[in-house]
Amino acid sequence: MYRTIRVAAYEPDPLHGPWRQEMRVLRLGEELHTELTRMHAEADKGSGRTDKGSGRPDRLPVRRLNSLLQAMAPGVIATGRNAGTDGRLPWLYAREAVPPEVLAPVIGTWAAGMYREEDDIEGADLEERLRSGDPAEAIQLPHWEAEPVDLAETVTSAGGTAEPAARLYGLLPEWVAFRLAARTFRTGGTTLHFRVESSGNGARLVSWPPQRYERREQTWYYSACLDITVHTVPFAPRFRVHVSTRVRRWATRLDVRPHQLGGTTVLLDAPLPWPGGPDRSHRLMVNTLGYDRRLNELAWRRHSPAPLVPELDIVRNYPQPTALFTHPERWINGSGDVAAGIVHHPSIGPHKVGPGLMPRERADLDAWVEEGLRPMLTRVPDLTRVTRSNTPSLLPRSGAGRGPGVRDAQLALQRRAALTRALNGRPLEIDIFWQSPETRAALLAELPKLIGFPPGEKAGPADDDTWQWRAEGIEIRVRARPAGPLADALPVSRERKRPRAVRLAEAVEGRCRLVADRTAARPAGAGVVLAEIAGKERFAAVPDSDPKHALRIAWARQGLLSQFVNLPDDTDSGLEHRARWTWLDAFRQLGAISPPAHRVGAGVPGDLQYVALWLVRHTRKGPTRCPARRLVAVRVRPGDGPGVIEGWDAERAEWVPYPKLLLLLSQTVEPVAVERAGTGGSDDGAAARGGHRPAARPGVEQHRQRETERQIRALLFQLRDRPTLLLADAGNLRQCWPGLRNGELVRDMLGFGTEPAQRHTLYGDDLRVVLVRDANAREEVAEWYAHDTKGRVGFAEGVWGTAETESRVFASTASTPHTVAKLPKGLMKLAPTAQGRTAPGKTAWNPGQLEITVLGCLSEKALADSGRAGDLPDRPAEWATLTHQLRYHDDYPPLARPLPLHLARLAGQYVLPVAGTKEERGTSSAP
């Protein structure tokens, strides 16, 4: 058993002293910013564009220019934020000044790209004016300034959390990437060279040229990939640099048609066209290739700089979108000295290289990173176990005298008891709408196995496919029918002049009418529908045609819960397994689930209840193309019999059974203001990094925050009758509860709005508050691996922390699925050995780390402040252990989050607003 785990995170080394780097900094300046703004406004006016850039004439769309400069201007390290809005802000950070003969043509080429082809004389004119020596005509390029930059600049919050200066979130990852890219990584006789790729949340290292894997007479390409980001940790005295490792796969065959390509990343490797300088940049240029429905052809999209490169280099041949789509392998191997790689995504076809790296290879890369970052950055201390109680009271899987069917029988008894409690004497009506006889048979066979019943009896004539079970206070009736047109693709109108959400809503209403015609009267008891539909990839050719969400809305209107199972394919050998999971999720929707008894100890009150908060956020890219915000609260009371699962009905201010909560969520529509295209929750990243949020619609954002915080405060006052553990996912909830941002956290305090934070015990004498956070898309929680003094590495489950007795932040790691556990921990994919030539084809998976922050507990200070100085204080490690144990359940592999949060998140599947309905046009108090 491993006793320590190591996280791939680094912090400024206090022993190194001040960390100042001399850099060259460039600001756009008032004159150039004014001229570029004028040109941008004229270009918008001349083209008739109504995009988000034209809505802000004072905001230059410099994203493409920044990408072009980073790739084509040697020495540029990073670009500053908001330089397109204010010419006085830092725009470029560089190791050395970029000469005017490089800067002028790049800016001029970008400016010309704002115009239509027949009007691009303005851009050429700008380049001439930037180069001109005539003071009457010239526009002066701004001067580079020497500026020492403190790469460890930190502000400590009132709660003791170290927050880096805002510019370090973008600047420091780029600096780290360039430092590491200057070194080679050698492993198993293979040498990897790295190139830098800029990303929205930091920087990325990609090994280039790619590795090759020969399989089935075809070559598959892949690279090592390191993501570098800057983050904070609650109450930590120094900020962190996270470096996560994975495999980047490259597409050499695209099993989609051009019109199905919504947008895929392309990295361009091109030489620098400037004489007298380096031949090639350390960067790979980031572009997006996708189908442009206005032009009806493949095109470079989303501010891609690729179309501008040939304007700077007329000698070389650069890939055109259609040629790259048609012959991706030709371009990844290079045409002349230009190469381009399409980043693989499962939606564009299969790939024979498996994702992920195993612990040994990740540990080797981690050691290479650690060596390259000395002496400025040092590794954070290893974490050690804080408890031996890794799991709750689960049923044993094996043991002396236990036959193979004993555990299954005990599980069936547990499920039956939970189902009896959830139904509370009501009959359960189940409709199965099937497309394949195999799925129908599997579902009918699996139900009695799961609850320990004999095979069902026919409940009607021989030709009526209806089955029933009656035993031990449970009455279940199942009716199986062909799905027919219910499972067909939605007939969404192609009339693009009307909003997409409205056209989808019309198709949804049509499917609702079809469902209503085929549905009998509302069930007297509980009702569930199981429907077999094709996978979403079958509907990819026609956007919005997947009927899944429309069917869920339709059945919810009939008072029925719904669960879906995909059609089996020709090689499907796991149909029994999928049928089992379909029933288990149906039981979950009925509320027939409860956490096992914990094994933490006497420090946890016996009548403790769990409450989980989850914020459902849909943008116009959501399942119904209609934005919505909805706070979901779920309460679990394990002590009430087998456990009671309830949800909070904010409108009626009462707790309702979990199935009723789901149906209520399906009925509520939020009147959300129109969001700017492309925001899509991007301000979460700024919140995560501690930076500034976009300034758009501040009144709407403030209203959402105030309303959500009002609901949370009202909810907390409803929980004062017994000890409560409040669980929240900080990454999910902080957008509408800013007091959960790391920089706002204070031990044993809760902050709402602009008011000073208050003691958390004011909301309940026995309230505890625990925040969890996973890596999410921004790598907020560092990767990890277990290791020992003998150099062995692997996996380990448990709760981990530092040696500090007052620590409030812990790491939860769960066990590994058996399919991954069988892989050797020393599997090498980047440098396959002779014995492991098929290693690149293996899928490696590493259990993620769940960060647990015990924000509020009954510490000595909290008790003293509450007038209870004589009471025994809490041990934060015990509450972290309890949260960790809530990830375990007999019916599931370890959950990504504690069970109450898992239930709250899945409830969000029923938040499906439909445009144009009466409810949407009305008003609502929901956020």
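Just so we're clear, the structure is a prediction, and the values are computed from it rather than from any experiment.

### Details of unusual backbone geometry
Of the consecutive residues Trp208 and Pro209, the connecting peptide bond is found in the cis state with omega at 5 degrees. The topology assignment puts Pro209 in the loop between β12 (202–207) and β13 (211–215). For the peptide bond that leads from Arg374 to Pro375, omega is 0 degrees, which places it in the cis range. The topology assignment puts Pro375 in the loop between α9 (359–373) and β20 (377–379). Located in the positive-phi region is Arg216, a residue other than glycine, with phi close to 55 degrees.

### What about a positive patch on the surface?
Taken together, the side chains of Arg215, Arg216, Lys352 and Lys842 define a basic patch exposed on the protein surface. On the secondary structure map, Lys352 appears in the loop between β19 (339–343) and α9. Judged by its relative accessible area of 31%, Lys352 is partly exposed.

### A look at the packing of helix α5 (residues 168–181) against α9
Here α5 crosses α9 at 105 degrees, and the two axes come no closer than 10 Å. As far as their axial angle goes, α9 and α5 are roughly perpendicular. Here α5 contributes Val176, Arg179 and Leu180 to the contact with α9, which in turn contributes Trp368, Val369, Gly372 and Leu373.

### A short note on the nonpolar core
Of all hydrophobic cores here, the largest spans 77 residues; its most connected members are Ile432 and Ile476. With residues near it in sequence (within four places) discarded, Ile476 still touches Leu419, Leu428, Ile430, Leu447, Ile451, Trp467, Gln468 and Trp469. Residues Leu26, Leu65, Val76 and Ala251 belong to the second largest nonpolar core, which totals 57 residues.

### Details of the sheet that holds strand β4 (residues 76–79)
With respect to topology, four strands assemble into an open sheet ordered β4-β5-β3-β6, the strand pairing being antiparallel. In this open sheet, the two edge strands, each paired with only one partner strand, are β4 and β6 (145–150). Taken pair by pair, the neighbouring strands of this sheet meet at an average axis angle of 40 degrees, ignoring direction. Where β4 lies against strand β5 (residues 90–94), three bridges are found, and the strand directions are antiparallel. Across the sheet, Thr79 pairs through a bridge with Leu92, a residue of β5. Contacts from α5 reach β3 (20–27), β4, β5 and β6, with the element oriented near 155 degrees to β4.

### So, the sheet that holds strand β24 (residues 466–471)
Sheet architecture is open: six strands sit in the order β23-β24-β25-β22-β26-β27, paired in mixed fashion. The open sheet terminates on both sides in strands that have one partner only, identified here as β23 (457–458) and β27 (561–566). Two strands pair when backbone bridges link them, and strand β26 (residues 526–533) and β27 are joined in this way by six bridges, in the parallel orientation. Pairing of Ala531 across the sheet is with Phe564, part of β27. Helix α10 (residues 406–423) rests against β22 (428–434), β25 (474–482) and β26 of the sheet, and its axis sits at about 90 degrees to β25.

### Considerations on the packing of aromatic side chains
When we look at a pair of aromatic rings, we describe it by the centre distance and by the angle of the planes. The tally for this structure, following the rule as stated, stands at 11 aromatic pairs. Taking 5.6 Å as the distance between ring centres and 20 degrees as the angle between the ring planes, the aromatic pair formed by Phe433 and Trp555 counts as stacked. Here Trp555 lies in helix α13 (residues 548–557) and Phe433 lies in strand β22, a separation of 122 residues in the sequence. With relative accessibility at 3%, the residue Phe433 sits in the buried group. On the basis of relative accessibility, which here comes to 1%, the residue Trp555 falls in the buried class. With 5.5 Å between their ring centres and 50 degrees between their planes, Phe717 and Tyr763 make a pair best called tilted. Taken together, the residues span a long stretch of sequence, with Phe717 in helix α17 (residues 698–717) and Tyr763 in the loop between β34 (758–759) and β35 (767–773) at a distance of 46 residues. In textbook terms, an aromatic cluster arises when at least three aromatic residues are bridged by ring pairs, as seen for Phe717, Trp737, Phe752 and Tyr763. Between the NZ or CZ atom of Arg552 and the centre of the ring of Tyr910, over which it lies, the distance is 4.7 Å. When the ring centre of Phe235 is taken as reference, the NZ or CZ atom of Arg747 above it lies at 4.3 Å.

### Brief notes about the side chain of Ser207
Looking at the secondary structure, you find Ser207 in strand β12. On the accessibility criterion, Ser207 (1% relative accessible area) is buried. Among the polar contacts made by the side chain of Ser207, one reaches the main-chain amide nitrogen of Ala224 at a distance of 2.8 Å. The residues contacting Ser207, other than those within four sequence positions of it, are Leu192, His193, Phe194, Ser223 and Ala224.

Conventions and cut-offs
- Residue indices follow the written sequence of each chain, beginning from 1 at its first position.
- In keeping with the predicted nature of the model, local features appear solely for residues at pLDDT of at least 70, side-chain atom pairs appear and are counted solely at 80 or more, and the whole-chain, interface and lining totals rest on all residues.
- Only heavy atoms go into the side-chain values, all of them from the structure, while hydrogens and water stay out.
- Here a strand is any run of E in DSSP of at least two residues, a helix any run of H or I of at least four, and the numbering for each starts at the N terminus.
- For patches, a residue must show more than 30% relative accessible area and have no salt bridge; joins then use 9 Å for like charges and 5 Å for nonpolar side chains, namely Val, Leu, Ile, Met, Phe, Trp and Tyr.
- Using a 1.4 Å probe, accessible areas were evaluated by the Shrake-Rupley method; residue-level cover was limited to the displayed protein chains.
- When a carboxyl oxygen of Asp or Glu lies within 4 Å of a side-chain nitrogen of Lys or Arg, that pair is called a salt bridge.
- For the charge count, each Lys or Arg is scored as positive and each Asp or Glu as negative, with His and the chain ends excluded.
- Just so you know, the charge point we use is NZ for Lys, CZ for Arg, CG for Asp and CD for Glu.
- Summary of the burial criterion: residues with accessible area below 20% of their type's maximum are buried, those above 50% are exposed, and those between are partly exposed, where the area comes from a 1.4 Å probe applied to protein chains only.
- Only C-alpha atoms enter the line fits that serve as axes; for helices the fit covers just the stretch in contact. Angles between N-to-C directions range over 0 to 180 degrees.
- Any angle that is under 35 degrees is reported as roughly parallel, and any over 145 degrees as roughly antiparallel; angles of 65 to 115 degrees are reported as roughly perpendicular and all others as oblique.
- We call two residues in contact when some of their heavy atoms are within 4.5 Å.
- Residues belong to a common nonpolar core when they are buried Ala, Val, Leu, Ile, Met, Phe, Trp, Tyr or Cys residues joined through side-chain atoms within 4.5 Å.
- Two strands pair if DSSP finds at least two bridges between them.
- Under the pairing criterion, centres of Phe, Tyr and Trp rings, with the six-membered ring standing for Trp, must be within 6.5 Å; the plane angle then separates stacked pairs below 30 degrees from edge-to-face pairs above 60, leaving the rest tilted.
- Whether a charge sits over a ring comes down to the Lys NZ or Arg CZ being within 6 Å of the ring centre and within 35 degrees of the ring normal.
- Under this definition, polar contacts are N or O atom pairs within 3.5 Å; protein pairs additionally need one hydrogen-donor-capable and one acceptor-capable atom, and for neighbouring residues in sequence, both atoms have to be side-chain atoms.

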